[in-house]
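Structure assessment
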Amino acid sequence: MDYKVLVVSGSGLMGTNYQKATDHLAQLVNDAMREGWKPQGGIAVGDTQMTKEPYLMQAMVKG
């Protein structure tokens, strides 16, 4: 079984832009699903320790 995590930045020009990030992540997930990957669990939100830049993450499995 293969495993990967799709990661998208939630930062925008004027601060956090979760709508843009979720749209981008959804497109990546849809593309991966067409290649045989399946989402595992829900979307996780995290940020970097130094800059506090937010990220959205989705685990994917295949095989």
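Placed above this text is the structure.
Residues numbered from 1 in each chain as written. Predicted model: local features only at pLDDT ≥ 70, side-chain atom pairs only at ≥ 80, totals over all residues. Heavy atoms only, no water.

1. Observations regarding the overall build of the protein
Definition in use: Helix and strand definitions follow DSSP, with helices as H or I runs of at least four residues and strands as E runs of at least two, each counted in order from the N terminus. Between buried and exposed lies partly exposed: a residue is buried under 20% and exposed over 50% of the maximum accessible area for its type, with that area taken using a 1.4 Å probe on protein chains only. The contact criterion used is simple: two residues touch if any of their non-hydrogen atoms lie within 4.5 Å. Areas reported as accessible are Shrake-Rupley estimates using a 1.4 Å probe. Residue values count occlusion only from the protein chains shown. Positive charges come from Lys and Arg, negative ones from Asp and Glu, while His and the chain ends are left out of the count. Where a charge lies is defined by one atom per residue type: Lys uses NZ, Arg uses CZ, Asp uses CG and Glu uses CD.
Assigned secondary structure in the protein consists of one helix and five strands. Reading the protein from its N end, one meets helices and strands in the order β-β-β-α-β-β. When the backbone C-alpha atoms are referred to their principal axes, the protein occupies close to 40 × 20 × 15 Å. Per-residue burial for the protein yields a buried fraction of 22% across its 63 residues. For the protein, the share of sequence-separated contacts (at least 6 apart) that also reach a separation of at least 24 residues comes to 54%. Counting every atom, the protein has about 4500 Å² of accessible surface; 56% of that belongs to carbon and sulfur. For the protein, the distance from the average position of its 6 positive side-chain charges to the average position of its 6 negative side-chain charges is 4 Å.

2. Things to note about a nonpolar patch on the surface
Filter applied, for reference: Like-charged residues within 9 Å of one another, or nonpolar side chains (Val, Leu, Ile, Met, Phe, Trp, Tyr) within 5 Å, are grouped into patches, provided each residue has over 30% relative accessible area and no salt bridge. Any Lys or Arg side-chain nitrogen located within 4 Å of an Asp or Glu carboxyl oxygen qualifies as a salt bridge.
A cluster of nonpolar side chains, namely Tyr-3, Val-5 and Val-7, defines an oily patch on the protein surface of about 290 Å² accessible area. A relative accessible area of 44% places Val-7 in the partly exposed class.

3. Notes on the side chain of Gln-58
Examined against the element boundaries, Gln-58 turns out to sit in strand β5 (residues 54-62). The class of Gln-58 is buried, set by a relative accessible area of 5%.

4. Quick notes on the nonpolar core
Note the threshold: Within this scheme, the nonpolar core is defined by two criteria: the residues are buried Ala, Val, Leu, Ile, Met, Phe, Trp, Tyr or Cys, and they are joined through side-chain atoms within 4.5 Å.
With nine residues, the main nonpolar core is built from Leu-6, Val-8, Ala-21, Leu-25, Val-29, Ala-32, Trp-37, Leu-56 and Met-60. Mapped onto this core, the elements with two or more residues apiece are β1 (2-9), α1 (18-34) and β5. Ranked by residue count, the leading element in this core is α1, at four residues. Ignoring anything within four residues of it in the chain, the contact list for Leu-6 reads Leu-25, Leu-28, Val-29, Ala-32, Leu-56, Met-57, Gln-58 and Met-60.

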